[in-house]
Amino acid sequence: MDQFFRGISQPSPQITNVSVDGTQNSPNQHLGDPNDPDGEVALDIEVAGAAYYAATNKAATIRVYWAQDIAAAVRAATRDGCDVCSISWGADEANWGAQAGNHMERAAIAATAAGMVVFAASGDNDSGDGGPTPANVDLPASAPHVIGCGGTRKTGTHETVWNNDPGNPSGEGTGGGFSTLFKPMPPWQAGAPHGPGRMVPDVAANADPNTGYNIVVHGAPMTIGGTSAVAPLYAGLFASFGTKLGFITPELWLNHLCFNDIIQGDNGAFRARIGPDACTGLGSPIGTKLAQLLMHPAASGARRARDLEAENEQLRATIARLTVTHK
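Chemist: Which parts of the structure should I look at to understand the overall build of the protein chain?
Modeler: Secondary structure assignment for the protein chain yields 8 helices and 15 strands. Long-range contacts, defined as pairs at least 24 residues apart, comprise 74% of the intrachain contacts of the protein chain with a sequence gap of at least 6. Of the roughly 15,000 Å² of accessible surface on the protein chain, a fraction of 55% belongs to carbon and sulfur atoms.

Okay, here's the thing in structure tokens:
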């Protein structure tokens, strides 16, 4: 970590390891192993920390949760009062099943109700997501209270859908599509093409390894891509906008102009188009516009009023249940 941040002339973040269920940080120390998860972890921390410093000129404070279960880690981060959560692990909804998927969504609901924004990678195997058919979506990105993060290929002059295996629905490219677990499509996904369930992703950013992120793993520089880089990139950016933003996904969907619309490319089963789509969602971030949207005093006041109403509604529901139980 120190080597990476010195290399980009930034201070290292304050990093705290948190064991949720006895799981500990145990680096592999096997440089070059294609299945080495250390690159994933290093990518998350380095991209999130660098993005936050770039936006604020301040070192980030990062807690890394070690757990066997993603939902349990999200609940632990919620209890600890974290403001933003980045998740780069995931799998096809079919691998999760309805019970585990709903458990994940309940953890995300509790997290956003407590003010935490949750981002998750949409997967790196195009529309098939490595699943049994050409169209599957990745969890946790498909959970409605998680912001799904898709991928683009970004050069100095163009930005298109990330897909390095055209014609292969389970190749190397951004995940995206429609959930079969979370139905129907949420009403706040205004302007999205109609599908049977929640559309993934919501947002996107550069993910192509060929235009990727220069990081340091086991002391060696390497370039890594994937939507696993997009979730921490957004986490670092949104952490700079303030604390306790909560469930802001509907607000993002009401403000399409805060994103660069990606209109070229496909991810196998789905094609980019003008407006939101199942390849890159709303598009890639325009940081200054998002800052104006989320940091404007009027917007902050409206958000606080909305959150207060949501808390009051929860209290009313709790009181009603207690009253029924008492009777």
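Still to come is the rest of the account.
Chemist: Help me understand unusual backbone geometry, please; the structure alone is not making it clear to me.
Modeler: The phi torsion of most residues other than glycine is negative, and most of the peptide bonds are trans. Cis rather than trans, the peptide bond between Leu139 and Pro140 has omega equal to 15 degrees. Relative to the assigned elements, Pro140 resides in the loop between strand S6 (138-139) and strand S7 (147-154). Within the chain, Asp126 stands out as a residue other than glycine whose phi angle is a positive 55 degrees. Turning to its location among the elements, Asp126 is positioned in the loop between strand S5 (117-121) and S6. The class for Asp126 is buried, based on a relative accessible area of 0%.

Chemist: Is there a simple way to think about the pattern of salt bridges in this case?
Modeler: A pair can form between side chains of opposite charge whenever their charged atoms are brought close. The tally for this structure, following the rule as stated, stands at 6 salt bridges. Between Asp208 and Arg153 there is a salt bridge, with the nearest N and O atoms lying 2.8 Å from each other. Of this pair, Asp208 sits in the loop between strand S11 (203-206) and strand S12 (213-217) while Arg153 is found in strand S7, placing the two residues 55 residues apart along the sequence. The buried category is assigned to Asp208, whose relative accessible area is 0%. Take Arg153: its relative accessible area is 33%, and that puts it in the partly exposed class.

Chemist: So what exactly am I meant to see when it comes to the side chain of Asp202 here?
Modeler: Tracing the sequence through the fold places Asp202 in the loop between strand S10 (199-200) and S11. The class for Asp202 is buried, based on a relative accessible area of 1%. Of the polar contacts made by the side chain of Asp202, one reaches the backbone nitrogen of Gly148; its length is 2.9 Å. A polar side-chain atom of Asp202 sits 2.7 Å from a polar atom in the side chain of Arg198. Those residues within four positions of Asp202 in sequence are excluded, and the remaining contacts are Val146, Ile147, Gly148, Trp188, Gln189, Thr249, Trp253, Thr280, Gly281, Leu282 and Gly283.

Chemist: In this structure, what is going on with the nonpolar core? I would like to understand it.
Modeler: Nonpolar side chains in soluble globular proteins tend to be buried together. With 37 residues, the main nonpolar core has Phe119, Tyr234, Phe238, Phe241, Leu252, Phe259 and Leu290 as its most contacted residues. Where this core is concerned, the elements lending two or more residues are S5, S7, S11, helix H5 (227-239), helix H6 (249-253) and helix H7 (287-295). The residues touching Phe241, leaving out its near neighbours within four places in the chain, are Gly287, Leu290, Ala291, Leu294 and Met295.

Chemist: Would you mind going over helix H4 (residues 93-113) with me for this structure?
Modeler: Counting along an α-helix, one turn takes 3.6 residues, and residues three or four places apart therefore face a common direction. The end-to-end C-alpha distance of H4, which contains 21 residues, comes to just 24 Å, noticeably less than the 30 Å that a straight helix rising 1.5 Å per residue would cover. By the largest-angle criterion, Gln99 marks the main kink of H4, which is about 75 degrees. Of all the positions in H4, only Glu93, Trp96, Gly101, Met104, Glu105, Ala107, Ala108, Ala111 and Thr112 are classed as buried. Two residues or fewer after H4 comes Gly115, characterised by a positive phi angle close to 105 degrees.

Chemist: Can you help me understand the side chain of Glu40 in this one?
Modeler: Tracing the backbone through its elements, the reader meets Glu40 in helix H2 (residues 38-56). One buried charge, Glu40, has no salt-bridge partner; the nearest side chain with opposite charge is Arg198, at 18 Å. Each residue touching Glu40, except ones within four places of it in the same chain, is listed here: Ser88, Trp89 and Ser228.

About the thresholds
- Residues numbered from 1 in each chain as written.
- Predicted model: local features only at pLDDT ≥ 70, side-chain atom pairs only at ≥ 80, totals over all residues.
- Heavy atoms only, no water.
- Helix = DSSP H or I, 4+ residues; strand = E, 2+ residues; numbered from the N terminus.
- Contact = heavy atoms within 4.5 Å.
- Areas by Shrake-Rupley, 256 points an atom, 1.4 Å probe, with all protein chains shown as cover.
- Buried < 20%, exposed > 50% of the residue type's maximum accessible area, 1.4 Å probe, protein only.
- Salt bridge = Lys/Arg side-chain N within 4 Å of Asp/Glu carboxyl O.
- Polar contact = N/O pair within 3.5 Å; in protein donor to acceptor, adjacent residues only side chain to side chain.
- Core = buried A, V, L, I, M, F, W, Y, C linked by side-chain atoms within 4.5 Å.
- Expected span 1.5 Å × (residues − 1).
- Bend = angle between axes of the 7 residues up to and from the residue.
- Lys, Arg positive; Asp, Glu negative; His and termini not counted.

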